[in-house]
Amino acid sequence: MFQTFDSPTAPEQGPPRLAKLRGWMAQQELNGFIVPRADRHQGEYVASCDERLSWLTGFTGSAGFACILETTAGIFIDGRYRLQVCEQVAEDFTPVHWPETSLHEWLAENAAPGAVIGFDPWLHTVEQIETLRAGLEGSGISLVASSNGIDAIWTNRPAPPNAPAWAHPPHLCGDSAEEKTRRLGAAIAAQSAQTAVITLPDSLCWLLNLRGSDVPRTPIVHCFGLLSDNGALTLFGDEAKFADLTLPDTVTLAPWDAFSRHLKDLTGTVLIEPASLPQAAFDALTAGAAKILRGLDPCSLPKACKTRTELDGCRAAHLRDGAAVVRFLAWFDGADTSHLTEIDIVTQLENCRAATNLLHDISFDTISGSGPHGAVVHYRVTEKSNRPLDADSLLLVDSGAQYQDGTTDITRTLPIGSPSLEMRQAFTRVLKGMIAISQLRFPKGLAGRDIDAIARAPLWAAGQDYDHGTGHGVGSFLSVHEGPQRLSRAGNVPLQRGMILSNEPGYYRPGAFGIRIENLITVIDAEPVPGGDDRAMLAFETLTYAPIDLRLVETSELTDREKKWLNAYHQEVYAKLAPLLAPETAQWLAEATRSI
């Protein structure tokens, strides 16, 4: 099993650790200290040695931060984690709804006049610190870079990861590392810059066709890079991890401790991405003679727009994964659910994927939420929280896999017994929103924020909504949550051909049930419509193939167009997956994908 069911933290650990941190703050003459859920690379997943927020508070979500004052400790979480945080942290920590309440607003209300708030400049981006400083202007509260208080008090802290990196097979990459570095070097020159600073490991792994094991679930190796306009790259990291690799002649290895010195020595114009560059790196850069140009990580958009080779690999991975999911669904349909627990669901689904003999890892810890646990958006079952499946309710299963040719992410909501009319109606509204995105044609130039509402409209009509984006970007054997593309109110990057996104509207009734339906989609050129104008249009191709449970669909609430889409989708599911299945499973699939 890749997934484990231990509880790495407990609420009772928080108060004594909080007291130690406050003792350290007093020694440093700080009135507060910010503890982010981040490492110096700003990725979603962090190594165990960087799980500072979890170690201090007990909260294990993948986003959030804490701000510790002398008498108050706020833990800032978004809508995905507001149920989870209440179960994981002690009363000494006060949950703060974020981003509705910003850190500077909270500090203005809770910090004493003249308070000095410390932060580790390696764990906060330039954009974060500039935003916070602007918000605190005129408040009398000051923000100062400091050493890390958690590192100072964390005994028996895990060692940093040290597994070697490896080469991603050329036939799965599309372009060689030499081609990519040369092309991106020219793009840097086109912006009249001489160097770009890259601190996101998935960018550098994509650029150099490398993968690694430095964090769970995402195959990256930690590193920083300086890419020149001529395509030369200086790569900073643990040199031993790259010892067995044949890197391009244009790549020079350097140790971690040389990074700041190189930044200070740079001249000319240097491109940075304020949303990912650590403040400490920015401080080193501005201490030298370089002129700073703000923009996007040069790997960001090229990485997001998958090559034909990457898309072909992704399609193959999704067919393989879809067949594994169907085997799981058929097993579940024939099982006695009164004897199953949430952990049983996770175990069986991972076993079905492992049986492909091509599973590298799961792409995130499987969410298996029965009844009220389904309403916890990013619920992770543990031995402590595990429970039998609820009768006459819903089971939400959100899971994914990492194969060398692609990354998958799929959610299906399954009936247990006889779900209520309320559950079926809510499921149908979620399905209508998912279908609306799947069928969408839209003009080039639109971003995720322009179309996110389309998925929510059926729920809004019933006075309902969900507290997460409709979709996130997905990498190619990289991060299952990839930027900069996203389908959300915050998605401001225009969608482009080749981008992969999730399409996952949902509905959650706290204490009762949760619903989410998710397929992955990729942006394609839309076919011309007779009578249309010459405006360039885009559309979505569905990549995920697995049945949507028809027992939860209130057919009378679907339009003819929606029924036509669902029937056509299910016909494709059967046609693509039946040849990959045993006869009895294919027979089950035929019934699961019947026309309505």
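For the structure, check the block above.
Cut-offs and rules
- Residues numbered from 1 in each chain as written.
- Predicted model: local features only at pLDDT ≥ 70, side-chain atom pairs only at ≥ 80, totals over all residues.
- Heavy atoms only, no water.
- Phe/Tyr/Trp six-rings, centres within 6.5 Å; stacked < 30°, edge-to-face > 60°.
- Helix = DSSP H or I, 4+ residues; strand = E, 2+ residues; numbered from the N terminus.
- Lys NZ or Arg CZ within 6 Å of the ring centre and 35° of its normal.
- Buried < 20%, exposed > 50% of the residue type's maximum accessible area, 1.4 Å probe, protein only.
- Axes fitted to C-alpha atoms, helices over the stretch in contact; angles between N-to-C directions.
- Parallel < 35°, antiparallel > 145°, perpendicular 65-115°, else oblique.
- Contact = heavy atoms within 4.5 Å.

1. Looking at the packing of aromatic side chains
So, step 1. Considering all chains together, one arrives at 16 aromatic pairs under this definition.
So, step 2. Relative to Phe259, the ring of Trp122 has its centre 6.5 Å away and its plane inclined at 40 degrees; by these criteria the two rings are tilted. On the criterion of sequence distance, the pair formed by Trp122 in the loop between strand S5 (116–119) and helix H5 (126–136) and Phe259 in helix H9 (residues 259–265) is long-range, its members being 137 residues apart.
So, step 3. With 5.1 Å between their ring centres and 5 degrees between their planes, Trp565 and Tyr569 make a pair best called stacked. Of the two residues, Trp565 and Tyr569 are both situated in helix H16 (residues 560–577); the distance of four residues between them amounts to about one turn of the helix.
So, step 4. Taken together, the aromatic side chains of Trp122, Phe224, Phe236, Trp256 and Phe259 make up a single cluster linked through ring pairs.
So, step 5. Cation over ring: Lys180 sits above Trp206, and NZ or CZ is 4.3 Å from the ring centre.
So, step 6. Over the aromatic face of Tyr466 sits the side chain of Arg456, whose NZ or CZ is 3.9 Å from the ring centroid.

2. Quick notes on unusual backbone geometry
So, step 1. Trp98 connects to Pro99 through a cis peptide bond whose omega is 15 degrees.
So, step 2. The residue after Gly483, namely Pro484, is reached through a cis peptide bond having omega 5 degrees.
So, step 3. With respect to the helices and strands, Pro484 occurs in strand S23 (residues 482–487).
So, step 4. One non-glycine residue with positive phi stands out, namely Ser192, at about 60 degrees.
So, step 5. The exposed category is assigned to Ser192, whose relative accessible area is 54%.
So, step 6. Here Asn209, not a glycine, exhibits a phi torsion of approximately 55 degrees, which is positive.

3. Focus: the packing of helix H7 (residues 177–190) against helix H8 (residues 201–208)
The relative placement of two packed helices comes down to the angle between their axes together with the axis-to-axis distance.
So, step 1. As a packed pair, H7 and H8 sit with axes 7 Å apart at the nearest point and diverge in direction by 120 degrees. On the basis of the axis angle, H7 is oblique to H8. Every residue of H8 that contacts H7 at Ala177, Lys180, Thr181 and Leu184 is listed here: Trp206, Leu207 and Leu208.

Treat this as a map of the structure, not an account of what it does.
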